[in-house]
Amino acid sequence: MAFDLPALPYAKDALEPHISANTLDFHHGKHHNTYVVNLNKLVEGTDLENASLDDIIMKTHGDASKVGIFNNAAQVWNHSFYWSSMSPNGGGAPTGAIAAKIDEDFGSYDAFVEGFKAAGATQFGSGWAWLVLENGKLKIEKTGNAHLPMTKGQTAILTMDVWEHAYYLDVQNRRPDYIATFIEKLINWEFANENLASA
Ligand code: MN
């Protein structure tokens, strides 16, 4: 049972002018696809061949002999979650249950923005910034490389890819510009509300 590259949840040019079709062409069509292809090759003929993506991630996490499988499986998961974390008409202040929960756990939306920006900007090298739920409370996290909240018992609510391939074609080295645009124009709060509701 091989994994497939999931389709983007919107057209390739739907996030323009914030994220270009060119970036999504490479990021989804090349980077994400390569993780899928590599994962399929690595699990073929092993006892993980028929496991779910989540099972593969949980079973290989922390096992030095399976780091290649973990990295590719986690990057497949992270990218699918990232596409849904953005929306063509997203960004700005949240609505619904997540808005109230952000006020409750961070004090204000502005405090969330400050924390999320800092997490993305201070992740040294490649990685991810996350909004997660842990023990009933929202938290901002950052992870290096392919690491993700599920291995720490946290529920992912939103993610932002801060690998250079996520923004370099559009804004070159200006990661803070990409982060500001992600927050102001792209965050899919509807997706965050769905994840909060099912947590
Ligand atoms: Mn990426």
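Residues numbered from 1 in each chain as written. Predicted model: local features only at pLDDT ≥ 70, side-chain atom pairs only at ≥ 80, totals over all residues. Heavy atoms only, no water.

Notes on the sheet that holds strand β3 (residues 155-161)
Strand order in the open sheet made by the three strands is β2-β1-β3, with antiparallel pairing throughout. On the outer flanks of this sheet lie β2 (137-144) and β3, each paired with one strand and no other. Adjacent strand axes in the sheet meet at a mean angle of 20 degrees, parallel and antiparallel pairs treated alike. Pairing analysis gives eight bridges linking strand β1 (residues 127-134) to β2, with the strands arranged antiparallel. Bridge assignment links Gly-127 to a residue of β2, and that residue is Gly-144. (Pairing = 2+ DSSP bridges. Helix = DSSP H or I, 4+ residues; strand = E, 2+ residues; numbered from the N terminus. Axes fitted to C-alpha atoms, helices over the stretch in contact; angles between N-to-C directions.)

Points about the domain arrangement of the protein
Under the domain assignment, the protein is made up of domain 1 (21-84) and domain 2 (97-198). Taking only C-alpha atoms, the centre of domain 1 and the centre of domain 2 are 20 Å apart. Listed per partner, the contact involves 20 residues of domain 1 and 24 residues of domain 2. Interface area, domain 1 with domain 2, both sides summed: about 1,900 Å², of which 70% is carbon and sulfur. Area buried by domain 1 at its contact with domain 2 is led by Thr-23, Phe-81 and Tyr-82, which between them contribute 33% of it. Counting every contact that joins domain 1 to domain 2 gives zero salt bridges. Put simply, the parts of the chain that give the side of domain 1 that touches domain 2 at least two residues each are α1 (21-43), α2 (53-60) and α3 (67-84). Top contributing element to the side of domain 1 that touches domain 2 by residue count: α3, with ten residues. Classifying every residue of the side of domain 1 that touches domain 2 gives nine nonpolar, ten polar and one charged. (Domains from an automatic or database assignment. Contact = heavy atoms within 4.5 Å. Buried area = accessible area lost by both parts, 1.4 Å probe. Salt bridge = Lys/Arg side-chain N within 4 Å of Asp/Glu carboxyl O. Nonpolar A, V, L, I, M, F, W, Y, C, P; charged D, E, K, R; others polar.)

A closer look at the packing of α2 against α3
Relative orientation of the contacting elements α2 and α3 amounts to 140 degrees, with a least axis distance of 9 Å. Relative to α3, the element α2 lies oblique. Judged by the sense of rotation from one axis to the other, the crossing of α2 with α3 is left-handed. Contact with α2, carried on its side by Leu-53, Asp-54, Ile-56, Ile-57 and Thr-60, involves Ile-69, Phe-70, Ala-73, Ala-74, Val-76 and Trp-77 of α3 and no other residues of that element. Looking at the contact of α2 with α3 residue by residue, the classes come out as nine nonpolar, one polar and one charged. (Parallel < 35°, antiparallel > 145°, perpendicular 65-115°, else oblique. Left-handed = near helix turned anticlockwise from the far one by under 90°.)

Some details on the environment of Ile-19
Relative to the helices and strands, Ile-19 resides in the segment before α1. For Ile-19, a relative accessible area of 3% translates into the label buried. When the C-alpha atoms of Ile-19 and Asp-170 are compared, they prove to be 6.8 Å apart, with 151 residues separating the residues in sequence. Among residues more than four places away in sequence, those in contact with Ile-19 are Leu-24, Tyr-82, Met-86, Asp-170, Tyr-178 and Leu-186. (Buried < 20%, exposed > 50% of the residue type's maximum accessible area, 1.4 Å probe, protein only.)

A few points about the environment of Ala-199
Mapped onto the secondary structure, Ala-199 falls in the segment after α8 (189-197). Its relative accessible area of 53% is what places Ala-199 among the exposed residues. The residues touching Ala-199, leaving out its near neighbours within four places in the chain, are Leu-133 and Thr-155.

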